[in-house]
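# Fold and contact review
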Amino acid sequence: MKIIRTRADLRAATAAWRQAGESIGVVPTMGALHEGHLSLVTAAKSTADRVIVTLFVNPRQFNNAADLAAYPRTETSDAEKLGPFAVDVLYIPDPDQMYPKGFATTVSVGGLDQGLCGAHRPGHFDGVATVVTKLFIQTDADAAFFGEKDFQQLQIVRTLARDLDLHIRVIGCPTVREADGFALSSRNVRLGSKARADAPGLYRALQAAAARINAGDPVADVIGAARAAILAAGYTEVEYLELRSEDGLEPLTAPRTPARLLVAAWIDGVRLIDNIRL
Ligand code: AMP
C-alpha cells in the first residue's frame, strides 16, 4: 500500500491504472478506522481492480471546534489496519492540498440537507458534499463506498453524484455493529465505561420502535415512547428521532416502505447517530 499525500502523485497513480484499463474504487474516511470502515474496504476490493482509501479529517464539515479538536487522529495504526486488505493507495492529503489559499467553492445539495443532522449541524453537509466531490474528482473513481450508518450523508452523496454527472456509482453498505447492537463509530472511544455499557439502548429503542410501527401502532406514539426509552437508557438528550422515506428523506407520519427511523442522541458528552430500516 502506497501512502500518497499530494494531488499530483495521486493523479500519476490513477492515470497509470486507467491506461491499463483498471477500475478504481474509493472509500472516503476521516480515519480512526474500525470494522465499519474495513467492511467498506472489503466491498471495494470485491468490486474494483484498484482501491484507494482516503483519510482526511475535513475541517469544513465540523461546525464545532471542540469536536474537530477532539476527533481521534491515528494515522499509523490506520495504515496498519489496512495492511491485510491489500489496498493500493492510502491518500492522506494535507488541508492545504484540499483547500489551497483562495478556495471559494461550495457544493450544496438542497432539500436533503434540511432537517435531521442538517438542522443541528449548520454547514456540515455543505462541508461533506464539497470534500466528497473533490475526492471523487481527485481519485477518478468508478465506485465509492459509504456506510448506511450515516444515512442522510449517503443520500446526499448519491444526489450530488447524479446531479453533477460524476460517473461514479455510490454504493451503500450495511452498518457494522458490536455484538450488543451498538453501531461502530470513531467517536465511541470517547465514551466512559458506564456510557459504553448504556449505549446499546439507542439501537434497542430503534428496533422496538420499528417493530411497533410495522405492527401498525401510531407513529407519533411509538416515537414518543422510543424517546423516553433512550433517555431511560442513560442518554442525556435526543436531538431528533424521525421516520423518513429512504428516497428524498421526506418526513412520514405513517409507514411507507422503504423508510428509516433515524436518530441522533447525546451520551457522556458524545453525539451519536444511528438508523434502522422499516
Ligand atoms: P467517517 O470516518 O466517520 O467519516 O466514516 C467514513 C465512512 O465509514 C462513511 O461512509 C461512514 O458511513 C462509514 N461508517 C462509519 N461507521 C460505520 C459502521 N459502523 N458501519 C458501516 N459503515 C460505517
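Predicted model only: the values in this text are computed from it and were never measured.

What counts, and at which threshold
Residues numbered from 1 in each chain as written. Predicted model: local features only at pLDDT ≥ 70, side-chain atom pairs only at ≥ 80, totals over all residues. Heavy atoms only, no water. Axes fitted to C-alpha atoms, helices over the stretch in contact; angles between N-to-C directions. Helix = DSSP H or I, 4+ residues; strand = E, 2+ residues; numbered from the N terminus. Parallel < 35°, antiparallel > 145°, perpendicular 65-115°, else oblique. Left-handed = near helix turned anticlockwise from the far one by under 90°. Contact = heavy atoms within 4.5 Å. Near = heavy atom within 4 Å. Polar contact = N/O pair within 3.5 Å; in protein donor to acceptor, adjacent residues only side chain to side chain. Nonpolar A, V, L, I, M, F, W, Y, C, P; charged D, E, K, R; others polar. Core = buried A, V, L, I, M, F, W, Y, C linked by side-chain atoms within 4.5 Å. Buried < 20%, exposed > 50% of the residue type's maximum accessible area, 1.4 Å probe, protein only. 1 Å grid on protein atoms, 1.4 Å probe; cavity = no way out; pocket = protein on both sides within 12 Å on 5 of 7 lines; lining within 4 Å. Points joined across faces, edges and corners; volume = space filled by probe spheres on them. Pairing = 2+ DSSP bridges. Right-handed = clockwise from strand over helix to strand, strands pointing away.

### A closer look at the packing of helix H7 (residues 124–139) against helix H8 (residues 151–163)
One can describe the packing of H7 onto H8 by two numbers: an axis separation of 10 Å at closest approach and a directional angle of 50 degrees. Relative to H8, the element H7 is oriented oblique. Seen along the crossing, H7 lies across H8 with a hand that is right-handed. Each of Phe-125, Val-128, Ala-129, Val-132, Thr-133 and Phe-136 in H7 lies in contact with H8, whose residues at this interface are Gln-152, Gln-153, Ile-156, Val-157, Leu-160 and Ala-161.

### Let's talk about the site of the ligand
Neighbouring residues of the ligand: 17 residues in total, closest Met-30, His-37, Asp-150, Val-176 and Leu-184. One nitrogen or oxygen atom from the main chain of Met-30 is found 2.9 Å from an oxygen atom belonging to the ligand. Within the backbone of Val-176, one N or O atom sits 2.8 Å away from a nitrogen atom of the ligand. When residues of the shell around the ligand are traced back to their parent elements, those giving at least two are strand S2 (24–29), helix H2 (35–47) and strand S5 (143–147). Among the elements that line the shell around the ligand, the one with the most residues is H2, at three residues. Here the residues of the shell around the ligand sort into eight nonpolar, seven polar and two charged.

### Thoughts on the nonpolar core
Core analysis: the biggest nonpolar cluster contains 40 residues, and Ile-52, Tyr-91, Phe-136 and Phe-146 have the highest contact counts within it. A per-element tally of this core places H7 first, with seven residues. In contact with Tyr-91, not counting residues within four places along its chain, are Ile-4, Arg-5, Thr-6, Arg-7, Leu-10, Ile-52, Val-53, Thr-54, Leu-55, Met-98, Leu-135 and Gln-138. Formed by 30 residues, the second largest nonpolar core is a distinct cluster that contains Ala-226, Val-238, Leu-261 and Val-263.

### Looking at empty space enclosed by the protein
Considering all chains together, one arrives at one cavity of 30 Å³ or more under this definition. Counted as a void, the largest cavity has a volume near 40 Å³. In terms of lining residues, the largest cavity is bounded by Lys-149, Phe-182, Ala-183, Ser-185, Leu-202, Leu-272, Ile-273 and Asp-274. In terms of residue count, the dominant contributor to the lining of the largest cavity is strand S9 (residues 270–277) (three residues). When its residues are assigned to classes, the lining of the largest cavity shows five nonpolar, one polar and two charged.

### As for the environment of Ala-233
Tracing the backbone through its elements, the reader meets Ala-233 in the loop between helix H11 (219–232) and strand S7 (237–245). Note: C-alpha distance between Ala-233 and Ala-195 (38 residues apart in sequence) is 9.6 Å. Discounting residues that sit within four places of it in the chain, Ala-233 has contacts with Asp-198 and Gly-201.

### Let's talk about the pairing of S5
Residues in a regular strand project their side chains so that they alternate between the two faces of the sheet. The element S5 is extensively covered by neighbouring structure, given that four of its five residues are classed as buried. Two strands pair when backbone bridges link them, and S2 and S5 are joined in this way by two bridges, in the parallel orientation. Along S5, the bridge assignment pairs Val-26 with Ala-144. The sheet contact formed by S5 and strand S6 (residues 169–173) spans five bridges and is parallel. Bridge pairing links Gly-147 to Cys-173 in S6. As a crossover connection, the stretch from S5 through H8 into S6 is right-handed.

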